[in-house]
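Chain by chain, the residues:
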Amino acid sequence: MRTERFEGTIGRTLAESTPWFDPPPDPGPDAPDVLVILLDDTGFAQLGCFGSDIDTPHIDALAADGVQFTNFHVTPLCSPTRAALLTGRSHHAAGMRGLSNFRTGFPHMLGHVSTHTATMAEVLSDEGYATFAVGKWHLAPMEECSAAGPFDQWPLGRGFDRFYGFLDGETDQFHPSLTVDNHHIEPPAGPEDGYHLTEDLVDRALEMITASTNVRPDRPIFTWFALGATHAPHQAPAEHLAKYRGRYDEGWDVVRARWFERQKELGVVPAHTTLAPRNPGVAAWDDLPETERRLAARLQEAFAAFLDHTDDQIGRLLDGLRDLGRLDNTIVLLMADNGASQEGGPYGVMHEMKFFNGILETPDEAIARLDDIGGPHSHTNYPWGWAQCGNAPFRWYKQNTHEGGVHVPLIVRWPAGLGDQAGTVRHQFAHASDVAPTVYDLVGVTPPSTYRGVEQRPVTGRSFASVLHDADAAATNTVQYFEMAGSRAIVRERHKAVCKHDKGADFDAERWELYDLVDDPSECHDLADERPELLAELVELWWAEAEVNQVPPLDDRLIELFGTRFRPRSPHPESRRYTYRPSPWPMPAQAGASIGGRDFDLVARITRGPDDGGVLFATGTENSGLSVFVQDGRWVLDYNAFDDHTVVVSDVEVPVGDSMLTLRVRRGEGSTGTVALEVDGAPAGSADLPLLMRIMSSVGASIGRDHGSAVSQRYTGPFPFTGTLHELAIQVSPGRYPDVESAEAAEALSRQ
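For every chain, the first residue of the written sequence is number 1, and numbering continues from 1 along that sequence. Selection of residues for local features in this predicted model requires a pLDDT of at least 70, selection of side-chain atom pairs for listing and counting requires 80 or more, and totals for whole chains, interfaces and linings are taken over all residues. Remark: hydrogens and water are excluded; side-chain values derive from all non-hydrogen atoms of the structure.

Novice: Help me understand the overall build of the chain in this model?
Specialist: The secondary structure content of the chain amounts to 16 helices and 28 strands. In terms of principal-axis extent, the alpha carbons of the chain reach across some 90 × 80 × 50 Å. Within the chain, the fraction of its 752 residues that count as buried is 61%. If you take every contact in the chain between residues at least 6 apart in sequence, the share linking residues at least 24 apart comes to 73%. Areas reported here follow the Shrake-Rupley algorithm with a probe of radius 1.4 Å; residue values treat only the protein chains shown as occluding. Taken as a whole, the chain presents about 27300 Å² of accessible surface, with 51% of it coming from carbon and sulfur. Helix and strand definitions here come from DSSP, where helices need a minimum of 4 consecutive H or I residues and strands a minimum of 2 consecutive E residues; each element is numbered from the N-terminal end. The rule is simple: take the accessible area with a 1.4 Å probe, protein chains only, and divide by the maximum for that residue type; under 20% is buried, over 50% is exposed, in between is partly exposed. Residues count as neighbours in contact if any of their non-hydrogen atoms are within 4.5 Å of one another.

Printed below as a string of structure tokens:
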């Protein structure tokens, strides 16, 4: 945002006046472009140049022509890493202790990036850069990501000129929830047309960059290219899935050992490194039943196909920049946001949301859908054994502060500035919060002490520009703390103290471990009992760093923070009554009616002709969700619990003309429930729900239509209601709050 200045003179006439034109910011004729490519949930070993046998030739070529970091660290979760990367501060100081879906009432968990920590986009924009964000955002409170806004924490509110992507932590790769700038759109095509989100993201990024350079080739560009890959759901085109069929039938023990040997050959881990033992809960592959092996192998194939396809698209992006003549003077930084994910559980899942519902899907249940894996009719994540394979040689996973959660790949390529370093490797420690100050250093920018009138917290990351220029330079970051949901760690030079927190345990009583990362990079030889004085010193240092970086209070909540906060002036009113009318824009799951796991009544007041029908309310996707619609003159519910459909069709027809249609959902024992339909107050059908979902989907609700990936198999496409939907009201917890179908409510509705 420019300030208006005038340094000319103003007289009584033009002849007596001197004009002055405020020059725009100019970073200089040689200012490089900056491209950050951020992979999601990608472990240290999963790229070909870091040890795996997954085909990633374009990323490997980036490493061969750039600088490859083998000791780069992040936070254990996506939103916090993104906050640290974009601001150059610790994630707690940036207000992002956990996911942006969470708000806890403390400064370290705002649900957005603090305005006291300006983003790279904000800083570089003020220096004259064009700024584009493409892909995953996940840095705004999700209940603020509907058409109602506010928009100040969306990408355009945090320094980006344009945005194309999705705002939540994940989305379906074939039927994504898409946002352009400050409004939602439908995907431009579907899987039947060959659509895949990653390809779309590359197309849109190149369109933005080309449009900018056509008019202002002199203006440098900062592009934040944050992929949905390789976060669940693991989905890829059929030809990529076929390429990996049978590739992982040997199992994770054999594959992990092979990847580990290749890591040593490539020099990305020291030759003396020990391959960590299997994590608790990971069985020996040869001890698994045949069904478990078949399912696990197919789930790993889907992951590999997803990453391979992603590499193809990254190659397309780089080729596009090369064709524009901009690649050689572009600082390309490719990295992952955290280690491989444990959210698939011990067996893997056909639908990742089962993890968030506390459901342990057995292989015998999942094997019937083996051929769906990786395609549009799946939402898969792989099992722990493959996740640990992806994190080789380390222990543990995403969410953990051991190396498996925080030690990830980083590649930096910049021929115009680092050409003499092409193909070299760096073993110095660096962290996500060090990236922004490094970029500022390389492009010659000083971050402001005040931004838009707001005092800025110090940029606490340490530039590693000196390490980029000189392989023998000392590491610039010698003390780095970690914290996630109560798990803690600190690295000081060669030593690391780490505590894996168990939820609900006494923070002060839990055991800390101690490792020498030079002698023992994979944390296999705990020195806590041998060197208690050093351990105590490091624990004390952790607390000192925690105070400086606004870590307290320690808080081990994660999944429960997805829960709704009912309050005034929010999408979730204290009355728990939601009132909707038809809209072409869907709502994010956290902005729509909070019906997951709860009793609720839904009442639709409609007028229809003899042939009118369609969806009145739908939330979720073809893999899980709920849809209520009128079809063939009947009032229909399809409750899709991870592809287990409970369908209730009214036993009476919906009248032509005006009517009131009601759905009642009630919790039962455990995780069960019941559903009942009514037409104009008269019972019209009911059923038992074997599973009442607490979290249905990352895709939210639409009113008057479905969103494209049809929740129900009884229709295709959005199936919009062709009559008139006057109003749709949802009352959550009707036993405690006014019933939307009470006589008083019905009378009130009739007067509107």
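Novice: Can you help me understand the sheet that holds strand S20 (residues 614–621) in this one?
Specialist: Sheets are built from strands paired through backbone hydrogen bonds, the pairs being either parallel or antiparallel. Two strands pair under a simple rule: DSSP has to find at least two bridges between them. Ordered in space as S23-S22-S21-S20-S27, the five strands form an open sheet in which the pairing is antiparallel. Edge strands, defined here as strands with exactly one partner in the open sheet, are strand S23 (644–653) and strand S27 (701–703). Across the sheet, the mean angle from the axis of one strand to that of its neighbour is 10°, orientation sign disregarded. Sheet analysis places strand S21 (residues 624–631) next to strand S22 (residues 634–641), joined by seven bridges and oriented antiparallel. The residue bridging Leu626 from the neighbouring strand is Tyr639, located in S22. Axis lines are fitted through C-alpha atoms, for helices just across the contact stretch, and the angle between N-to-C directions can take any value from 0 to 180 degrees.

Novice: It is not clear to me how the nonpolar core should be interpreted in this structure. Could you clarify?
Specialist: Nonpolar side chains tend to gather and get buried jointly when the protein is soluble and globular. In plain words, nonpolar cores are sets of buried Ala, Val, Leu, Ile, Met, Phe, Trp, Tyr and Cys residues tied together by side-chain atoms within 4.5 Å. In terms of nonpolar packing, the biggest core is built from 143 residues, with Phe72, Phe222, Trp224 and Phe225 touching the most fellow members. Those residues in contact with Trp224, other than ones at most four positions away along the chain, are Val36, Leu38, Arg82, Leu85, Leu86, Phe132, Ala133, Val134, Lys136 and Phe160.

Novice: It is not clear to me how the pattern of salt bridges should be interpreted in this structure. Could you clarify?
Specialist: Where charged atoms from two side chains of opposite charge approach closely, those side chains can pair. Salt bridge, as applied in this entry: a Lys or Arg side-chain nitrogen positioned within 4 Å of an Asp or Glu carboxyl oxygen. According to the stated counting rule, one finds 51 salt bridges in the structure shown. Residue Arg82 is joined to Asp40 by a salt bridge in which the shortest nitrogen-to-oxygen separation is 3.0 Å. With a gap of 42 residues between them, Arg82 in helix H2 (residues 78–87) and Asp40 in the loop between strand S1 (33–39) and helix H1 (57–64) connect regions that are remote in the sequence. Comparing Arg82 with Asp40, the two get one shared label, buried. Close ionic contact of Asp200 with Arg204 constitutes a salt bridge, the shortest N to O distance being 2.2 Å. Remark: Arg204 and Asp200 occur in helix H4 (residues 197–215); sequence separation between them is four residues, near one turn of the helix. A network of salt bridges, in which partner residues are shared, links Asp40, Arg82, Lys136 and Asp337.

Novice: I keep staring at H4 and nothing clicks. Help me out?
Specialist: Since one α-helical turn is 3.6 residues long, residues separated by three or four positions face the same way. Under the convention used throughout, the expected extent of a helix is 1.5 Å for every residue step, that is, one less than its residue count. In this model H4 runs 28 Å from its N-terminal to its C-terminal C-alpha over 19 residues, within 8% of the 27 Å that 1.5 Å per residue would give. Within H4, the full set of buried residues consists of Leu197, Thr198, Asp200, Leu201, Val202, Arg204, Ala205, Leu206, Met208, Ile209, Ser212 and Thr213. Tucked into the core, H4 has its buried residues touching strand S3 (130–136), strand S4 (162–166), strand S5 (178–180), strand S7 (221–226) and helix H7 (290–323).

Novice: Would you mind showing me how to read the packing of aromatic side chains here?
Specialist: The criterion for an aromatic pair is that two Phe, Tyr or Trp rings (for Trp, the six-membered ring) have centres within 6.5 Å, with stacked assigned to planes under 30 degrees apart, edge-to-face to planes over 60 apart and tilted to the rest. What the rule picks out here adds up to 19 aromatic pairs. Here Tyr248 and Trp386 contribute two aromatic rings whose centre-to-centre distance is 5.5 Å and whose plane-to-plane angle is 70°, an arrangement assigned as edge-to-face. Separated by 138 residues along the polypeptide, Tyr248 in the loop between helix H5 (238–243) and helix H6 (252–266) and Trp386 in helix H10 (residues 384–390) bring together distant segments of the chain. A single burial state applies to Tyr248 and to Trp386, both of which are buried. Centre to centre, the rings of Trp542 and Trp543 are 4.9 Å apart; their planes meet at 90°, and the pair counts as edge-to-face. Overall, Trp542 belongs to the buried group, its relative accessible area being 0%.

Novice: In this structure, what is going on with the environment of Asn623? I would like to understand it.
Specialist: Positionally, Asn623 belongs in the loop between S20 and S21. Taking the C-alpha atoms as reference, Asn623 lies 27 Å from Asp312; in sequence the two are 311 residues apart. Ignoring any residue separated from it by four or fewer positions in sequence, one finds Asn623 in contact with Asp172, His351, Arg369, Pro376, His377, Ser378, His379, Asn640, Phe642 and Asp643. A distance of 3.3 Å separates a polar atom in the side chain of Asn623 from the backbone nitrogen of Ser378. Nitrogen and oxygen atoms within 3.5 Å of one another constitute a polar contact, given that in protein one can donate a hydrogen and the other can accept it, and given that sequence-neighbouring residues count only through two side-chain atoms.

Novice: What exactly am I supposed to notice about unusual backbone geometry here?
Specialist: Excluding glycine, most residues fall at negative phi; most peptide bonds, likewise, are trans. Note that the residue after Ala232, namely Pro233, is joined by a cis bond; omega there is 5°. Residue position: Pro233 is located in the loop between S7 and H5. With omega at 0°, the peptide bond leading from Pro552 into Pro553 counts as cis. Along the chain, the position of Pro553 falls in the loop between helix H15 (532–548) and strand S18 (577–580). Phi is positive for Asp41, close to 55°, though the residue is something other than glycine. Looking at the secondary structure, you find Asp41 in the loop between S1 and H1. The exposure class assigned to Asp41 is buried, which follows from its relative accessible area of 2%.

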